[in-house]
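As a plain string of letters, each chain reads:
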Amino acid sequence: MTLVKKTGLTLLFIGPASIFFILIIAYPFFSGIYYSFTEWNGVNAKPIWVGMRNFIEIFKEDSQFFASFWFTVRFTVTTLILTNVLAFAFALILIQPIKSRGPLRTVFFLPNVIGGVLLGFIWRFILVNGFGTIGELTNLQVFMLPWLGSPETGFWGIVIVYTWRSVGYLMIIYIAHLLNIDTHLLEAAKIDGASSFGMFSKIILPLSMSAITVCLFLVLSWTFKSFDIVLSLTAGGPFRSTETVALNIYYEAFSYSNFGIGSAKSLIYFILVGGVTMLQVRFTKSREVEV
Amino acid sequence: MIAQKRNTKVTIAEIFVILAALLFLAPFYFVIVNSLKPFGEILKNAASLPQVFAWSNYSKAIEKINFVKVLCNSLIITTISVFLLVIFGSMTSWWIVRHKSKLTTILFFAFVAAMITPFQSIMIPLMRVVTQLHFVNTHIGLIIVYMGYSTPFTVFLYHGFIKSVPLQLEEAALIDGCNTLQIFFHIVIPLIKSMTVTVLILQALLIWNDFLLPLLILSKKDLHTIPLAVFSFFGQYTNRWDYALATLVLGMLPIVIFFLLLQKYVVAGVRSGSVKG
């Protein structure tokens, strides 16, 4: 192949994707770093260099940003645990010889294909109107709480919706993984007199660390970036108590037109997300067991 | 396998999951049942079946969100985007795998790094790019943004798959006198068909359900996609649950049908999409 031809082919094959990538992700990402050090109040106005001022302002004066972070962390950890425990339990049960397992897998997966905005609105109705009716019918205190009207119920409302949506997806991954575990190990353990719980905690769980890594990583990336479900369910309320970081940045930029501070916030956000992701992958990987 | 023989333990577990499944379905029950009631009846008792069927909720919803139009918009945007993503994504991945160089290594690393970058980190400057290129309020603009935004994941999926495709067939074709383009389109494309199905399904779900990008780029009503149309409907008619629930049912219908028809592929896609590369 001549050099000209080779260059032409390279451009043809990797050119289009690379151009789109540079235009839509790489260039905005790096110019965003520049904008974090500027004051910039409109899409067309020229940004003015202000040095570290945005960051100082965020750390000194913006307690809502850190409240949003704290909310996102609490909500992420809670959802991470709930979804993975439930998904693992469903997977363990749905690999058993159960007649209805096909339709059951479909049911658990179904919420996942529906968009976040719709899910949020569906649950706004359920939590506010549906729960009210159930409360009247059953007299159970849980259903009569002011759902979405207080910070606690708002928090749990969002956790419920995310769990409902994510469990099926994780379950599919766990089922595929569990079906791959070597039977001989379990048979050997059984002959040695291991209890069901012993087999679960000593064999199944350690062998599942690779699947658990994938699932933790997935939930982490969903919940840490959560935007649309929260927007349609609570819009961050009441009193901004359920505002996620993604929502906080969105409001900063597109409601208050503080693009400089918004960019500075997204840089802080990026560093934290990247750091946590790498830590998490490394931590879970170190616990994986190979057979 | 960890499966056990049928016994009481399994039966108890089965009852547990069936109850859980009913709980999972309950939201759909509430939404569908109430979407067929007149407004007053919804507020009185949200759990009961409708006494009279208020089908007019649906005709109102179809009219209010301009359902046919926004359905077409969603279809057009999703179809064109995933089609182009498959073409450019597979070409790029194949080239990266088969022609290792500094350039392709850096490119692949950039794609992987982009996958952990949250959208909010590029959102603000991206809007400046979008405005300057006059992408605002055009479907083509939104599709181009998806090309950039969804390429990293597409390449990541193809890359892992193409690595495991044996070279021999391509070498044989080369000896038979095929040129690079012929090898790619006649030999490689058929070999990676199963990953193409995965990419199509996963990206179609992501783009169909995406909300933030259409919100930022499409402000004109007749360009709206389904999630955006539903959202702006709720902004206008807060708490008119009779029309709102019918709107929600309409909004979910296409994607639920898509899922139930192609369930096998969706599940397979989720499985292979989550394998670490």
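Before any of the text, the structure's been laid out above.
Below is a short write-up of the structure. In this text, all values refer to a predicted model and were calculated from it rather than measured experimentally.

**Thoughts on the overall build of chain B**
Looking only at helices and strands, chain B features 14 helices and zero strands. Of the regular secondary structure in chain B, the N- to C-terminal order runs α-α-α-α-α-α-α-α-α-α-α-α-α-α. Here the C-alpha radius of gyration of chain B, 23 Å, is well above what a compact globule of 277 residues would show, namely 19 Å. Counting only residues that meet the buried cut, chain B has 52% of its 277 residues in that class.

**Focus on helix α7 (residues 151–178) of chain A**
Residues and elements named next belong to chain A. Its 28 residues give α7 an end-to-end C-alpha distance of 38 Å, which sits within 8% of 40 Å, the value for a rise of 1.5 Å per residue. Along α7, the largest kink reaches about 35° and is centred on Ser 166. Burial within α7 is extensive, with 24 of its 28 residues counted as buried.

**Focus on the interface of chain B and chain A**
Between chain B and chain A, the contact holds 92 residues from the first and 94 residues from the second. Taking both sides of the interface into account, the surface hidden between chain B and chain A amounts to around 8,600 Å²; carbon and sulfur atoms contribute 80%. The tally of links from chain B across to chain A stands at zero salt bridges. The greatest single-element share of the side of chain B that touches chain A, amounting to 16 residues, is contributed by helix α1 (residues 8–35) of chain B. Residues belonging to the side of chain B that touches chain A are distributed by class as follows: 68 nonpolar, 17 polar and seven charged.

**Things to note about the pattern of salt bridges**
All names here are of chain A. With the rule as written, the count across this model stands at six salt bridges over all chains. Glu 39 is paired through a salt bridge with Arg 53; the nearest N and O atoms lie 2.4 Å apart. Here the residue Glu 39 occupies a position in strand β1 (residues 38–39), and Arg 53 occupies one in helix α2 (residues 53–61), the gap between them amounting to 14 residues. By relative accessible area, Glu 39 is classed as partly exposed at 32%.

**A look at a nonpolar patch on the surface**
A surface patch of nonpolar side chains, amounting to about 380 Å² of accessible area, comprises Ile 15, Ile 18, Leu 19 and Leu 22 of chain B. Within the secondary structure layout, Ile 18 of chain B lies in helix α1.

**Here's the deal with the environment of Gly 40 of chain B**
By the secondary structure assignment, Gly 40 of chain B is in helix α2 (residues 39–44). Residues Gly 40 of chain B and Trp 241 of chain B, 201 residues apart in the sequence, show an inter-C-alpha distance of 9.9 Å.

**Quick look at unusual backbone geometry**
Not every positive phi belongs to a glycine, and Asn 139 of chain A is a case in point at roughly 65°. Here Asn 139 of chain A is to be found in the loop between α5 (116–138) and α6 (141–144).

What counts and how
Residues numbered from 1 in each chain as written. Chains lettered and ligands numbered in written order. Predicted model: local features only at pLDDT ≥ 70, side-chain atom pairs only at ≥ 80, totals over all residues. Heavy atoms only, no water. Helix = DSSP H or I, 4+ residues; strand = E, 2+ residues; numbered from the N terminus. Rg over C-alpha atoms; globule rule 2.2 N^0.38 Å. Buried < 20%, exposed > 50% of the residue type's maximum accessible area, 1.4 Å probe, protein only. Expected span 1.5 Å × (residues − 1). Bend = angle between axes of the 7 residues up to and from the residue. Contact = heavy atoms within 4.5 Å. Buried area = accessible area lost by both parts, 1.4 Å probe. Salt bridge = Lys/Arg side-chain N within 4 Å of Asp/Glu carboxyl O. Nonpolar A, V, L, I, M, F, W, Y, C, P; charged D, E, K, R; others polar. Patch = residues over 30% accessible without salt bridge, like charges linked within 9 Å, V, L, I, M, F, W, Y side chains within 5 Å. Areas by Shrake-Rupley, 256 points an atom, 1.4 Å probe, with all protein chains shown as cover.

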